[in-house]
Amino acid sequence: MAPIRVLQVMPAMDAGGMETFVMNVYRAIDRTQVQFDFLYHYDKPCFYDEEIRSLGGRITKLTVRQDNNIPRYLHQLDRFFAGHPYRILHGHYSGFGMFYNRAARRRGVPVRVGHSHNTAYEPNLVGTMDRMMSNRFNHLLTDRFACSRKAGQMLFGKSPFTVLPNGIQVDRFANPDPAARAKIRAAWQVPESARLLGHVGRFSEQKNHLGMLDIFAAIHARDPQARLVLIGTGALEQQAREKTAALGLADRVIFAGVRSDTADCYAAMDAFVLPSLFEGLPVVLVEAQTAGLPCFVSDTVDRDAAFADGVQFLPLQDPAAWAEAICASLLTRNPKARQQAEDAGYDVRTSARILQQFYIKRYAEVNP
């Protein structure tokens, strides 16, 4: 039998946390039984396009996030679902769910899954619009998943949902490679004696890079040899670069761009810093904990995200408290990280097995 094809609906498949989780599952799932296809809301080249196609996935790209042409988007959706008789849709993009879920239901897609990946919206106009549109997402769903309890409550309210941990490839991140550490630190011109703090995430308001630079300035005042590496890109990167220069930290902050070797980058770090304004259950924090790194996290992040030793939650508006905690820490790696990640259910093979069983069960129910 041909595999069940499940349509994953995304904004696009760039190197973000939600996208990385979906790819982690896609790599781990038995693709002889379940295959993924993707519907994007941007028509642009994306980080994971080549890998998706190499795994057998089909990609359809719509233009609505570039042109905001809703009538054309609705026409594209209707034509797409008319020509693609999917039985299961898994929507990770709540903002436009009010449109694609309705089009899918009208064209006979019986299983419409929603997945919540966050606990709040961006504190700007885009976030306000996303909140308003997401309010219409829930009522057209047949099934619901969330990365955490708070993320599910935020998007689905009192509707029942299943918490599915943001699984990662534990083997890839556990037991960091000393040779990779030395190679990357040399490339970044960071001596082994210097404290290297790291962050992975897109440059957006949610990730709070400007606040992170205030934290690092307080650390630098205590430890002038410390370095900070920022992995990712985004709309606010130039603003972060300008603030770095204004703080006199241009020779201490590394803008590393998007990387495919994040496991080796974690090996190069001495600690992970996550001062986000809000998060669901960040994949990067799962990765950093699994790599054994001490993690310093804003107190706005759901504490359920901490599963390993060495995680400290700190007040978002107090850079001095972060500097004191980080500079007082020995920044030693957690030797029990791998086992703690597996015990907490963060091995992606567990997530993939749960989703695969769900897809097969629901497909059988709607195709008796």
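Below is a summary of the structure that appears in this document.

## Thoughts on the overall build of the protein chain
- From N to C terminus, the protein chain includes 16 helices and 13 strands.
- Dimensions of the protein chain, computed from C-alpha atoms along their principal axes, come out at roughly 65 × 40 × 40 Å.
- Counting only residues that meet the buried cut, the protein chain has 56% of its 368 residues in that class.
- The contacts in the protein chain between residues at least 6 apart in sequence include a share of 69% that link residues at least 24 apart.
- Of the roughly 15600 Å² of accessible surface on the protein chain, a fraction of 51% belongs to carbon and sulfur atoms.
- Counting 43 positive and 37 negative side-chain charges, the protein chain places the averaged centre of each group 7 Å from the other.

## A few points about the side chain of Asp-302
- The residue Asp-302 is located in the loop between β12 (295–298) and β13 (311–314) in this model.
- At 4.3 Å, Lys-150 is the nearest oppositely charged side chain to Asp-302, a buried residue that forms no salt bridge.
- Within polar-contact distance, the side chain of Asp-302 engages the backbone nitrogen of Asp-304 at 3.0 Å.
- Beyond its immediate stretch of four places on either side in the chain, Asp-302 contacts Ser-148, Lys-150, Gly-280 and Phe-313.

## Regarding the pattern of salt bridges
- Applying the stated criterion to the full structure yields 26 salt bridges.
- Between Arg-195 and Asp-223 there is a salt bridge, with the nearest N and O atoms lying 3.0 Å from each other. Here Arg-195, found in the loop between α9 (178–187) and β8 (196–200), pairs with Asp-223, found in the loop between α10 (209–222) and β9 (227–231); they are 28 residues apart in sequence, far enough to count as distant.
- With relative accessibility at 18%, the residue Arg-195 sits in the buried group.
- Residue classification places Asp-223 among the buried residues on the basis of a relative accessible area of 15%.
- Across the salt bridge formed by Arg-349 and Asp-347, the nearest N and O atoms sit 2.6 Å from each other.
- One salt-bridge network, held together by shared partners, links Asp-143, Lys-361, Arg-362 and Glu-365.

## What about helix α16 (residues 348–366)?
- End to end, α16 covers 27 Å across 19 residues, agreeing with the expected 27 Å (1.5 Å per residue, within 8%).
- Buried residues of α16: Val-348, Ser-351, Ala-352, Leu-355, Gln-356, Phe-358, Tyr-359, Arg-362 and Val-366, and no others. An end-on view of α16 places all buried positions within 165° of arc, on one side of the element.
- Residues of α16 that are buried in the fold lie against β1 (4–9), α1 (17–28), β2 (34–40), β4 (88–91), β5 (111–116) and β6 (143–146).

## Considering the sheet that holds β2
- Taken in spatial order, the seven strands of this open sheet run β3-β2-β1-β4-β5-β6-β7, and their pairing is parallel. Looking at which strands have only one partner, the edges of the open sheet turn out to be β3 (59–61) and β7 (162–163).
- Summarising the sheet, β4 and β5 pair through four bridges and their orientation is parallel. Each bridged residue has a counterpart across the sheet, and for Ile-88 the counterpart in β5 is Val-111.
- Running over the sheet, α16 touches β1, β2, β4, β5 and β6 and is turned about 110° from β1.

## Remarks on the sheet that holds β13
- Ordered by their spatial adjacency, six strands build an open sheet running β10-β9-β8-β11-β12-β13, and the pairing between neighbours is parallel. Whereas interior strands pair on both sides, the edge strands pair on one side only; in this sheet they are β10 (253–257) and β13. Shown here is a sheet whose adjacent strand axes are inclined to one another by a mean of 25°, direction ignored.

## A few points about the packing of aromatic side chains
- In this structure the tally under the stated criterion is 19 aromatic pairs.
- Arranged with centres 5.8 Å apart and planes meeting at 55°, the rings of Tyr-26 and Phe-38 form a pair that is tilted. With Tyr-26 in helix α1 and Phe-38 in strand β2, this pair connects stretches of sequence that are 12 residues apart.
- Judged by relative accessible area, Phe-38 falls into the buried class, the value being 1%.
- Plain terms: the ring middles of Tyr-73 and Phe-96 are 5.5 Å apart, the flat faces sit at 85° to each other, and that makes the pair edge-to-face. Taken together, the residues Tyr-73 in helix α4 (residues 70–83) and Phe-96 in the loop between β4 and α5 (97–106) connect sequence positions 23 residues apart.
- Given a relative accessible area of 7%, Phe-96 falls into the buried group.
- Connected via pairs of aromatic rings, a cluster forms that spans Tyr-26, Phe-36, Phe-38, Phe-145, Phe-358 and Tyr-359.
- Above the plane of the ring of Tyr-42 lies Lys-44, whose end atom (NZ or CZ) is 4.8 Å from the centre.
- A cation over an aromatic ring shows up here: Arg-241 above the ring of Phe-255, its NZ or CZ 4.3 Å from the ring centre.

The rules we used
Residues numbered from 1 in each chain as written. Predicted model: local features only at pLDDT ≥ 70, side-chain atom pairs only at ≥ 80, totals over all residues. Heavy atoms only, no water. Helix = DSSP H or I, 4+ residues; strand = E, 2+ residues; numbered from the N terminus. Buried < 20%, exposed > 50% of the residue type's maximum accessible area, 1.4 Å probe, protein only. Contact = heavy atoms within 4.5 Å. Areas by Shrake-Rupley, 256 points an atom, 1.4 Å probe, with all protein chains shown as cover. Lys, Arg positive; Asp, Glu negative; His and termini not counted. Charge placed at Lys NZ, Arg CZ, Asp CG, Glu CD. Salt bridge = Lys/Arg side-chain N within 4 Å of Asp/Glu carboxyl O. Polar contact = N/O pair within 3.5 Å; in protein donor to acceptor, adjacent residues only side chain to side chain. Expected span 1.5 Å × (residues − 1). Arc of directions from axis to C-beta. Pairing = 2+ DSSP bridges. Axes fitted to C-alpha atoms, helices over the stretch in contact; angles between N-to-C directions. Phe/Tyr/Trp six-rings, centres within 6.5 Å; stacked < 30°, edge-to-face > 60°. Lys NZ or Arg CZ within 6 Å of the ring centre and 35° of its normal.

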